[in-house]
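So the chains spell out like this:
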Amino acid sequence: MWVMRQAGRYLPEYHEAKGSRDFFECCRDPEVASTLTLQPIERYAGLIDAAIIFSDILVIPQAMGMVVEMVDKKGPHFPQPLDTPADDQYRQVLERETHVADELDYVYKAITLTRNKLAGRVPLIGFCGAPWTLFCYMVEGGGTKLFARSKTWIYKYPEETKKLLLKLADICVEHLALQVKAGAQLVMVFDSWAGELGPSAFRDFSEPYLAHIAEKLPQKLQSLGLDRVPMTVFPKGAWHALDAACSLGFDVVGMDWLQDPAEAVRIRGDRPVVFQGNADPGVLYGTKEGITKAVEEMVKGFWVGNKGWIANLGHGITPGVDPENLKHFFQEIHRLTKQ
Ligand code: 1CP
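Residue numbers restart at each chain and count upward from 1, following the sequence in its written direction. Local features in this predicted model are restricted to residues of pLDDT 70 or higher, and side-chain atom pairs are both shown and tallied only at a pLDDT of 80 or more, whereas totals for entire chains, interfaces and linings draw on every residue. No hydrogens and no water enter the side-chain calculation; it runs on all heavy atoms of the structure.

Naming follows an unreviewed UniProt entry, where the protein appears as Uroporphyrinogen decarboxylase of Stachybotrys elegans. UniProt positions are given in the numbering used here, feature names are shortened, and annotations may be inferred rather than shown by experiment. Its UniProt record gives the protein a comment under Sequence similarities (unreviewed entry), which states: "Belongs to the uroporphyrinogen decarboxylase family." What the UniProt record of the protein gives under Pathway (unreviewed entry) is the line "Porphyrin-containing compound metabolism; protoporphyrin-IX biosynthesis; coproporphyrinogen-III from 5-aminolevulinate: step 4/4."

Dropping the structure here:
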């Protein structure tokens, strides 16, 4: 078990170590990034089973030449999001070669340093954003409720959108492979905005690019002389696509709290896929009893047969959560799965 955003704002030691540094400055400094990655491992020693490298999905648009800032308490901001395919910027982003190894070298250095500091305590997870989710940020310029610009692109310029999605998928493959080369032992693809797409749009604009990553990454690793590592996909909100997600070629499918665990297990059937998830992160705002109930529901649904289950929240920890409540969440998972 581990949780998304386990290193972050809810931890007092995070604010202390980060100081007045900008978010991306922390990502770019391997020493700081590794310290932040290790904080939850140290705080919850013996309870948490994996570290996830302190980085962000938006390092890919940065590597492609786009400016991305992290605005305190607001989130990511692109001063110049992609406007239309007629835009010079679209052509530049699409045509300019992205030197992933050079541009994101700091991520790989942070991973290698973190592996050394972990010294085998727990494995280290590498990650990237899914092409669809990265595309949304690149055209919206930040978080959004309406997805008006993303929808304009997919419904008005579907071919130009797909060209960019394919380019993003290839960059994801390279970024994940280089993370594995640097020491990542499992990789995860976050499709945080998958739930914005209906079933047919998901089939057109998300699924093929996730499948592309699942197919090409093992080949890329082989060409680098590296062993295959487990791959996780997290198509948040795309509950209708759970069946498809189980056949995409990923080893693990992460799910949010909209999914009923027992129903998910039924949909998976005999397929050799491990589930990850899925308590509502909001339960951590509630009482210890409420957390126990949420864990009981997960264990009852997921902890069946011998297929394995990666206990997690259904999304990242939200700011303001009491770290002691997260500890209770971990302890209850231990208690209820060790019987
Ligand atoms: O422990 C960890 O999980 C830390 C590593 C990590 C990961 C896996 C961070 C650090 N970001 C991510 C992934 C990430 N980043 C995703 C996918 C997971 C998800 O759906 O949350 C997304 C969508 C982002 C983009 C992003 N970065 C947002 C979301 C904004 C929005 O539109 O909702 C935000 C707020 C960030 C900032 C960020 N990234 C990470 C942290 C700890 C923070 C908060 C920084 C701070 O406030 O100091």
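Alright, that's what it looks like, and here's the rest.
Visitor: A description of the pattern of salt bridges should follow, citing residues and the corresponding values.
Guide: What counts as a salt bridge is simple: a side-chain nitrogen of Lys or Arg found within 4 Å of a carboxyl oxygen of Asp or Glu. Here the structure, examined in full by the defined rule, presents 14 salt bridges. Aspartate 88 is the salt-bridge partner of arginine 91, the closest N and O atoms lying 3.4 Å from each other. Here arginine 91 pairs with aspartate 88, and both are found in helix H5 (residues 88-95), just three residues apart, close to one helical turn. Taking the relative accessible area as the measure of exposure, aspartate 88 reaches 48% and is therefore partly exposed. Where arginine 271 meets aspartate 243, a salt bridge forms, and the shortest distance between an N and an O atom there is 2.5 Å. Of this pair, arginine 271 sits in the loop between helix H14 (261-268) and strand S8 (274-279) while aspartate 243 is found in helix H13 (residues 242-245), placing the two residues 28 residues apart along the sequence. Using a relative accessible area of 42% as the deciding quantity, one classes aspartate 243 as partly exposed. Only DSSP runs of H or I with at least four residues qualify as helices, and only runs of E with at least two residues qualify as strands; both kinds are numbered from the N terminus onward. With a 1.4 Å probe rolled over the protein chains alone, any residue whose accessible area is under 20% of its type maximum counts as buried; one over 50% counts as exposed, and the rest are partly exposed.

Visitor: Outline the state of the cysteines, listing residues and values.
Guide: Note on terminology: disulfide denotes any pair of cysteine sulfur atoms within 2.5 Å. According to the stated counting rule, one finds zero disulfides in the structure shown. As a non-bridged cysteine, cysteine 136 has cysteine 172 as the owner of its nearest cysteine sulfur, 13 Å distant.

Visitor: Provide a residue-level description of the nonpolar core, including the pertinent values.
Guide: Formed by 130 residues in total, the largest nonpolar core has its most connected members in Leu164, Phe275 and Phe329. The leading source of residues in this core is helix H10 (residues 158-182), at 12 residues. Setting aside anything within four residues of it in sequence, one finds phenylalanine 275 in contact with Leu242, Cys246, Val252, Val253, Met255, Ala264, Val265, Arg268, Phe302, Gly308, Trp309 and Ile310. Put simply, buried Ala, Val, Leu, Ile, Met, Phe, Trp, Tyr and Cys residues joined by side-chain atoms within 4.5 Å make one nonpolar core. Note on contacts: a residue pair is in contact if any heavy atoms of the two residues lie within 4.5 Å.

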